[in-house]
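So the chains spell out like this:
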Amino acid sequence: ASEHQHSMANTHQNGSMDHEQLVLKDNKGTNTLIFPAILKPDSEKGKNVEYSLTAQAGTTELFNGYETKTYGYNGNLLGPTLRLKEGQHVTIHLKNDLPEATTFHWHGLEVSGKADGGPHALIEPGEEKTIQFTVTQQAATLWYHPHPMGNTAQQVYKGLAGLLYIEDDNVEALNLPNDYGKNDFPIILQDRAFVEGKQLDYSKVANSDGTYGDTMMINGVINPVLKTDKKLVRLRILNGSNARNYNVHFDNDMAFTQIATDGGFLNKPQKMKELLLGAGERAEILVDLSKVKEKHVSLVNDQNVVLLPIDVSDTKSAVNASTKLNTIKVDKALLEQQPTKVVKMEGMRENVTINGKKFDEKRVDFTQKKGETEVWEIDNAITDEGGMIHPFHIHGTQFLVLSVNGEKPEPSLQGYKDTITLQPGQKARIAVKFPYEGMYMFHCHILEHEDNGMMGQIEVK
Ligand code: C2O
Ligand code: CU
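Residues numbered from 1 in each chain as written. Chains lettered and ligands numbered in written order. Predicted model: local features only at pLDDT ≥ 70, side-chain atom pairs only at ≥ 80, totals over all residues. Heavy atoms only, no water.

Trainee: Before we move on, could you go through the overall build of the protein and cite the residues and values that matter?
Mentor: Helix and strand content of the protein: 6 helices and 32 strands. Compactness check: the protein gives a C-alpha radius of gyration of 21 Å against a globular reference of 23 Å for 461 residues, within 12% of the reference. Within the span of the protein, comprising 461 residues, buried residues form 61% of the whole. Sequence-distant contacts, at least 24 apart, represent 76% of the contacts inside the protein between residues at least 6 apart. Within the protein, the 61 negative side-chain charges are centred at a point lying 5 Å from the centre of the 48 positive side-chain charges. (Helix = DSSP H or I, 4+ residues; strand = E, 2+ residues; numbered from the N terminus. Rg over C-alpha atoms; globule rule 2.2 N^0.38 Å. Buried < 20%, exposed > 50% of the residue type's maximum accessible area, 1.4 Å probe, protein only. Contact = heavy atoms within 4.5 Å. Lys, Arg positive; Asp, Glu negative; His and termini not counted. Charge placed at Lys NZ, Arg CZ, Asp CG, Glu CD.)

Have a look at this one:
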């Protein structure tokens, strides 16, 4: 696998590489990209909505003539997109039809620990559970996936993941592409490695430092192509991979504008040419295809590996969009404060730790008062072994980044975040406030690191 150069973003610094990472092949663009269905409520009365989600096993014809064994929600692969609105009272009936225990975690959603779906919330095969919460956060592109201790990576790898959109009055008043699957495209980036019979056999490909694939799967389609017109399009990109980082940019080097981070809109669109997304992160970008002269442009990764080819037709339409999107204010006083919590991420492979420890469900690592803002310092430490990128995630909150290595965060980090991708040696200070009570996880979102115990828990009361 190593005649190609490895992307720096995916390579250990100084460290040995006894677990070789698979190199991603160009997406050939042979299949039309599809979009997850939008989940219809079982019932809707005023602000009360009810949904049902079942985790299930099945098969999917990812390659002509092959039935690949997969997992999905309400289907055989991935899950439907949930669309909730701020202020709604939501009931979700969860059911586990898998042959193994699972949980339903709402990544980025501000809910009580009871509804969060962390490793304490196991649902055994055949069991059902109902959760309820009120949506109290702003418009954002969130997602959901399983979180059973030691088994998250395998379940996500087999296909358990879905999108969760939050909408609010602000986004409804904005002028942005918002026609689902027409000019507002969900893009779930996942890399997969297929073994005998085109199977997703996790045990055959698992890597303790993050399981990589050589084949691009987007929205559950192998080698997909997006077909659209010369217009302004919105891509809601989720890095749903177990471990791979994507440094997204275009093969013709055109600029795009980022409008949203994990937890909502940036104050104003930010023009850029490339954007790094670690595992678990989301970004919404606007791409002006009206100016594209080529018939095809591609979203690419480092070394110009094709992630998503886009075929652009000749039909042209006008392009305009709101330029004032949000009103995020960073409390200046927080910039001066010393951190009250320090999270040191260290190690590789099975040796990964947080503050020198591995996860223990009986140990509470931190406590914090509900509704109070604290400054946390997240340190991606370099050790004798070296260092690598770790995407750091906290449950039940959207935080603001105060600084990275003492500097003002770059534009792509100036919105609400629930996951921050740190390079080895980087230290970030973040302002964290939990609006609800409960036990929440914080961890590296390389799913194999999470499963290996690079996780802690905080009790909020
Ligand atoms: Cu997306 Cu604790 O995870
Ligand atoms: Cu990690």
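Trainee: Now, about the packing of aromatic side chains: what can you tell me, with residues and values included?
Mentor: Counted according to the given criterion, the structure contains 14 aromatic pairs. With a centroid separation of 5.0 Å and an interplanar angle of 55°, the aromatic rings of Tyr 73 and Tyr 144 are classed as tilted. Here Tyr 73 is found in strand 4 (residues 66-73), whereas its partner Tyr 144 is found in strand 9 (residues 140-145), with 71 residues between them in sequence. With respect to burial, Tyr 73 and Tyr 144 carry one shared label: buried. In this structure an aromatic cluster arises from ring pairing among Phe 366, Trp 376, Phe 392, Phe 434, Tyr 440 and Phe 442. (Phe/Tyr/Trp six-rings, centres within 6.5 Å; stacked < 30°, edge-to-face > 60°.)

Trainee: Can you break down the coordination of the copper ion (ligand 2) residue by residue, with the values?
Mentor: Every protein donor of the copper ion (ligand 2) is listed here as His 390 (ND1), Cys 444 (SG) and His 449 (ND1), and their distances to the metal cover 2.1 Å. On the primary sequence, the residues serving as donors to the copper ion (ligand 2) are separated as H-x53-C-x4-H. Within this pair, whereas His 390 is found in strand 27 (residues 390-394), its partner Cys 444 is found in strand 31 (residues 438-444), the two being separated by 54 residues in sequence. Taking the relative accessible area as the measure of exposure, Cys 444 reaches 0% and is therefore buried. (Donors = N, O, S within 2.8 Å, 3.2 Å for Na, K, Ca; no water.)

Trainee: Let's hear about the domain arrangement of the protein: which residues, and what values?
Mentor: By domain assignment, the protein separates into domain 1 (8-14 + 19-26 + 175-316), domain 2 (33-173) and domain 3 (332-460). If you average the C-alpha positions of domain 1 and of domain 3, the two centres end up 25 Å apart. Each partner contributes to the interface: domain 1 provides 29 residues, whereas domain 3 provides 29 residues. Scanning the region where domain 1 abuts domain 3 turns up 3 salt bridges. Linking Arg 282 and Asp 418 is a salt bridge whose minimum nitrogen-to-oxygen distance equals 2.6 Å. In this assembly, domain 1 and domain 3 are joined by 17 residue pairs in polar contact (both at pLDDT 80 or more). (Domains from an automatic or database assignment. Salt bridge = Lys/Arg side-chain N within 4 Å of Asp/Glu carboxyl O. Polar contact = N/O pair within 3.5 Å; in protein donor to acceptor, adjacent residues only side chain to side chain.)

Trainee: Any details on the nonpolar core? Residues and values, ideally.
Mentor: Formed by 31 residues in total, the largest nonpolar core has its most connected members in Ile 187, Leu 235, Val 287 and Leu 289. For this core, the elements supplying multiple residues, two or more each, are strand 11 (184-192), strand 12 (215-218), strand 15 (232-239), strand 16 (246-250), strand 19 (275-277), strand 20 (282-288), strand 21 (296-300) and strand 22 (306-316). Counting residues per element, this core draws most heavily on strand 22, which supplies 4 residues. With near-sequence residues (within four places) excluded, Leu 289 lies in contact with Thr 228, Asp 229, Lys 230, Lys 231, Val 233, Met 254, Val 297, Ile 310 and Val 312. Core analysis: the next-biggest nonpolar cluster, separate from the first, contains 30 residues, Ala 243, Phe 366, Val 432 and Ile 446 among them. (Core = buried A, V, L, I, M, F, W, Y, C linked by side-chain atoms within 4.5 Å.)

Trainee: How would you explain the environment of Asp 302 if you had to name every residue and give the values?
Mentor: For Asp 302, the position within the fold is in the loop between strand 21 and strand 22. On the basis of relative accessible area, Asp 302 is assigned to the buried category, the value being 18%. At a separation of 3.0 Å, a polar atom in the side chain of Asp 302 contacts the side chain of Asn 247.

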